[in-house]
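Summary of the model geometry
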Amino acid sequence: MEKMIVENHMGQLVTRYPDLEICTPDIIAAFQLCAGTFHTGGKMLLCGNGGSASDCDHIVGELMKGFLSKRPVPISFRDSLVKEWHAQEGAYLADHLQQALPAISLTNHAALITAFANDVEPEMIFAQQVYGYGKQGDILLALSTSGNSTNVLRAVQTARAIGMHTVGLTGKQGGRLNELCDVTIAVPWEHTPDIQERHLPVYHVLCTMLEKEFFGS
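Residues numbered from 1 in each chain as written. Predicted model: local features only at pLDDT ≥ 70, side-chain atom pairs only at ≥ 80, totals over all residues. Heavy atoms only, no water.

1. So, the pairing of strand β5 (residues 183-186)
Here strand β4 (residues 165-170) runs beside β5; their pairing, made up of 4 bridges, is parallel. For Val167, the partnering residue across the bridge sits in β5 and is Val183. For the crossover that starts at β4, traverses helix α8 (residues 175-180) and ends in the parallel β5, the hand is right-handed. (Pairing = 2+ DSSP bridges. Helix = DSSP H or I, 4+ residues; strand = E, 2+ residues; numbered from the N terminus. Right-handed = clockwise from strand over helix to strand, strands pointing away.)

2. Quick notes on the pattern of salt bridges
As enumerated under the stated definition, the model contains 8 salt bridges in all. The salt bridge partner of Asp138 is Lys43, with a shortest N-O separation of 2.6 Å. Of this pair, Asp138 sits in the loop between α6 (125-133) and β3 (139-143) while Lys43 sits in the loop between α2 (24-39) and β1 (44-47); the two residues are 95 residues apart in sequence, bridging distant segments of the chain. In this structure, the salt-bridge partner of Arg154 is Glu123, at a minimum N-O distance of 2.9 Å. Taken together, the residues span a long stretch of sequence, with Arg154 in helix α7 (residues 150-162) and Glu123 in the loop between α5 (110-119) and α6 at a distance of 31 residues. The class for Arg154 is partly exposed, based on a relative accessible area of 30%. When salt bridges that share partners are traced, they join Asp19, Glu197 and Arg198 into one network. (Salt bridge = Lys/Arg side-chain N within 4 Å of Asp/Glu carboxyl O. Buried < 20%, exposed > 50% of the residue type's maximum accessible area, 1.4 Å probe, protein only.)

3. So, the environment of Gln129
Summarising the element assignment, Gln129 is placed in helix α6. In this structure Gln129 comes out as buried when scored by relative accessible area, which is 2%. In this structure the C-alpha to C-alpha distance between Gln129 and Leu45, which are 84 residues apart in sequence, comes to 9.0 Å. Here Gln129 is in contact with Leu106, His109, Leu112, Ile113 and Gly134, once residues within four sequence places are set aside. A polar contact of 3.2 Å, which involves the side chain of Gln129, links it to the backbone oxygen of Ile125. (Contact = heavy atoms within 4.5 Å. Polar contact = N/O pair within 3.5 Å; in protein donor to acceptor, adjacent residues only side chain to side chain.)

4. Side note on helix α3 (residues 51-63)
If you check α3, its first and last C-alpha atoms are 19 Å apart, about what 13 residues at 1.5 Å a residue would give, namely 18 Å. Every buried residue of α3 is listed here: Ser52, Ala53, Asp55, Cys56, Ile59, Val60, Glu62 and Leu63. Where α3 is buried, its residues contact α2, β1, β2 (103-105), β3 and α9 (192-215). (Expected span 1.5 Å × (residues − 1).)

5. Brief notes about the state of the cysteines
By the definition in use, this model includes 0 disulfides. Take Cys34: it sits in no disulfide, and the sulfur closest to it among the cysteines is that of Cys207, at 8.6 Å. Judged by its relative accessible area of 4%, Cys34 is buried. Free of any disulfide, Cys56 has its nearest neighbouring cysteine sulfur in Cys47, separated by 6.2 Å. (Disulfide = S-S within 2.5 Å.)

6. Observations regarding empty space enclosed by the protein
To locate leftover empty space, one rolls a probe as large as a water molecule over the atoms. Tallied over the full model, the rule gives 1 cavity of 30 Å³ or more. The calculated volume of the largest cavity comes to roughly 50 Å³. Together, Cys34, Met44, Ile59, Leu63, Leu141, Tyr203, Leu206, Cys207 and Leu210 line the largest cavity. For the lining of the largest cavity, the secondary structure elements donating two or more residues are α3 and α9. Here the lining of the largest cavity is composed, by residue class, of 9 nonpolar, no polar and no charged. (1 Å grid on protein atoms, 1.4 Å probe; cavity = no way out; pocket = protein on both sides within 12 Å on 5 of 7 lines; lining within 4 Å. Points joined across faces, edges and corners; volume = space filled by probe spheres on them. Nonpolar A, V, L, I, M, F, W, Y, C, P; charged D, E, K, R; others polar.)

7. Some details on the domain arrangement of the protein
Assigned domains of the protein: these are domain 1 (1-65 + 100-215) and domain 2 (69-99). For domain 1 versus domain 2, the separation of C-alpha centres amounts to 31 Å. Contact between domain 1 and domain 2 buries roughly 530 Å² in total, counting both sides, with carbon and sulfur atoms accounting for 41%. Considering only the side of domain 1, the residues that lose the most area to domain 2 are Lys65, Glu211 and Phe215, jointly responsible for 75% of the buried surface there. Glu211 is paired through a salt bridge with Arg71; the nearest N and O atoms lie 2.8 Å apart. Our count for the domain 1 to domain 2 interface comes out at 5 residue pairs in polar contact (both at pLDDT 80 or more). Elements represented by at least two residues in the side of domain 1 that touches domain 2 include exactly α3 and α9. Split by residue class, the side of domain 1 that touches domain 2 holds 5 nonpolar, no polar and 3 charged. (Domains from an automatic or database assignment. Buried area = accessible area lost by both parts, 1.4 Å probe.)

Below you can see the structure in the form of structure tokens.
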């Protein structure tokens with residue numbers, strides 16, 4: 001993405017949330033890591049607890065379907081659908097599918113999470129999924145308002161061993177997440193509700209820029 005476009009998005013973010021200006025270099029770095037991952041055929045895994053778990057689901061929702069653009073499927077895939085399923089049915093499928101940036105929230109697999117927590121080790125519930133899903137060149141987006149959530153840290157440690165990129169989203173203190181991640185976006189607040197309120201505009205601008213990068217305006 002052109003530098004001017006990135007700067008424009010950062011300018012809009014800071015206009016609405018002046019306190020996030022300190023985070024703009026890290027937001028840009030996180031965008032570049034995410035974009036590089038998707039450009040090379042990688043996927044994003046996400047983990048967090050409580051409200052941060054909901055944020056993981058929210059982010060996946062913005063990446064896996066149209067966010068601010070419609071993202072029609074490529075003409076070549078449309079033609080494949082029509083060829084495979086004939087004109088009417090193929091056209092229906094093509095009209096109701098959207099291009100996606102592959103992202104998986106690790107917070108929703110209740111049977112796996114509860115079984116692993118009960119049978120093995122609770123603090124490894126996300127790490128196990130990173131080990132199962134993650135490949136070298138993928139990216140882990142790890143959310144923790146304290147930066148010290150043990151199950152999130154274990155996931156980051158596992159991701160790094162696999163050769164994945166890691167981005168942390170946390171609060172002012174950063175915690176261990178700041179030490180472990182390739183890039184950490186530490187919003188300048190200390191109380192959990194305040195941190196979470198600033199995480200939303202941060203990941204919204206990331207999703208906006210990623211959508212523009214891959215699908216245009």
